[in-house]
Amino acid sequence: NKPIEATQLKKFTKILQEYKASKSNLESRVKDAESWWKLRNSSLSPSALMQDGGFTSKSGWLHNVIVSKHADAMEAYPEPNILPREEGDKAEARKLTTIVPCVLEQNNFEDTYSEAMWSKMKSGTGVYKVTWNKNKLNGLGDIEITACSILNLFWEGGIKDIQKSRYFFQTELIDKDLLAQNYPDLFPNGVKGDTFTATEFTFDDKANTENKATVIECYYHKMVEGKNTLQYVKYVGDVVLYATENDTEPSVDIQGIPKPPLAITGLYDHGKYPYVFDPLYPVEGSPCGYGFVDLCQSVQTEIDLLKTAFTRNARAGAMPRYFSQIDGNISEEEFNDLNKNIVHTTNLSETSIRKI
């Protein structure tokens, strides 16, 4: 039997469900921030205060705040400058100062940085994932840097440093037919239903997930031969797609030098989860921070309330209203139709109808 099989996957999924429940407040806040960004804040505000005859003011003040702060972040786009720790590191530092910008350029890091900054300004946290992609450069492999959605990441609740989390998960929806095509031996009868569903943003388009399955990536630390290693499992439901603990065959590097199996060395030599959290305004007990929506939504609500009140006052002044005596013999339908030039009545007495 292999160390990672269906029984262990059920344990991972149970922990994942617990992690998801622990960040429910964060997920609600992130989803609400996206609605405020899209000027859908009226759906999150008291309808009795915000609406007047179906009209709700939606000013772009908060939207402009976020756009301005994102522009500031792009203006301050970081440039790597590797400094030596000691005299003997100077030559290595000069090499890294040349290599790192090249790696970032090949990863289109400015676009990734921009995407992370949008999330950081709106919901308070940008997240980067730094991994090794063995398929890059025609199979030679290279570093890959991507931005992640906070809704697809899960960690132990109540901690500030994700490296202290017992487990760390990332989920992604993949077409079932592609999974069956890429792993024909594992899915001879097709991919079955999901055991986990992540929270999603409220999309403008209807997202059809019926033919997709949730692929779960689980990272965890384990002591192997006295060393803290980073182990990794990728699975769907109760089917293991890959697990480092199951990888017990020695390998060789590009120079032909034998390497111990990943079950012993772990996924990466540094032994850390390959995720970097970048909070805007950090808070205690969470690796995530607060964004400008959290700080400015009350001001935006005040602006919208005032603009709605101005509109209400303008409508009241521009559309005269009347008191009508009961049984005043006035055609109210014709009276309320502003396109009618003549209103029929059998009573022209000023005592039966008066301007408000």
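Residues numbered from 1 in each chain as written. Predicted model: local features only at pLDDT ≥ 70, side-chain atom pairs only at ≥ 80, totals over all residues. Heavy atoms only, no water.

A closer look at the packing of aromatic side chains
Here is the rule we go by: Classification of ring pairs uses Phe, Tyr and Trp, with its six-membered ring standing for Trp, and accepts pairs whose centres are within 6.5 Å; under 30 degrees between planes counts as stacked, over 60 as edge-to-face, and the remaining range as tilted. Each helix corresponds to a stretch of at least 4 residues labelled H or I by DSSP, and each strand to a stretch of at least 2 residues labelled E; elements are numbered beginning at the N terminus. Accessible area is worked out with a 1.4 Å probe on protein chains only. A residue is then buried under 20% of its type maximum, exposed over 50%, and partly exposed in between.
Inspection of every chain in the model, using the stated rule, returns 21 aromatic pairs. Ring geometry for Trp-37 against Trp-118: centres 5.3 Å apart, planes inclined by 50 degrees, an arrangement best described as tilted. One end of the pair, Trp-37, is in helix H2 (residues 24-37); the other, Trp-118, is in helix H6 (residues 109-123), and 81 residues separate them in sequence. By relative accessible area, Trp-37 is classed as buried at 16%. Accessibility expressed as a relative area gives 26% for Trp-118, which makes it partly exposed.

A short note on the packing of H6 against helix H9 (residues 292-318)
For clarity, the threshold we go by: An axis is simply a line fitted to the C-alpha atoms; with a helix, the fit covers only the stretch in contact. Between two such axes, the angle follows the N-to-C directions and lies from 0 to 180 degrees. Roughly parallel covers angles under 35 degrees, roughly antiparallel covers those over 145, roughly perpendicular covers 65 to 115, and oblique covers all other angles. Contact between two residues is taken to exist if any of their heavy atoms lie within 4.5 Å; hydrogens are not considered. Residue polarity follows a fixed list, in which Ala, Val, Leu, Ile, Met, Phe, Trp, Tyr, Cys and Pro are nonpolar, Asp, Glu, Lys and Arg are charged, and the others, Gly among them, are polar.
At their nearest, the axes of H6 and H9 sit 5 Å apart, and the two run at 45 degrees to each other. Looking at the two axes, H6 sits oblique to H9. Between H6 and H9, the contacting residues are Met-121, Lys-122 and Ser-123 on the first element and Phe-292, Val-293 and Asp-294 on the second. Looking at side-chain class alone, the contact of H6 with H9 contains 3 nonpolar, 1 polar and 2 charged residues.

Quick notes on the pairing of strand E7 (residues 239-243)
So the rule is basically this: Only strands that DSSP links by at least two bridges are regarded as paired with each other.
Of all 5 residues in E7, 4 are buried; the element is thus mostly enclosed. The sheet contact formed by strand E6 (residues 227-236) and E7 spans 4 bridges and is antiparallel. Residue pairing across strands places Val-233 opposite Ala-243, the latter belonging to E7. Two successive antiparallel strands, E6 and E7, enclose a turn made up of 2 residues, where Gly-237 displays a positive phi of approximately 60 degrees.

What to know about the sheet that holds E6
Read across the open sheet, the 5 strands follow the order E3-E4-E5-E6-E7; overall the sheet is antiparallel. Because the sheet does not close on itself, it has two edges, and the strands there are strand E3 (153-155) and E7. When strand polarity is set aside, the average angle formed by the axes of neighbouring strands in this sheet is 25 degrees. Each of E3, strand E4 (167-175), strand E5 (212-224), E6 and E7 is contacted by helix H1 (residues 6-22), which is oriented at about 100 degrees to E4, the strand it contacts most.

The analysis is restricted to geometry; functional conclusions fall outside its scope.
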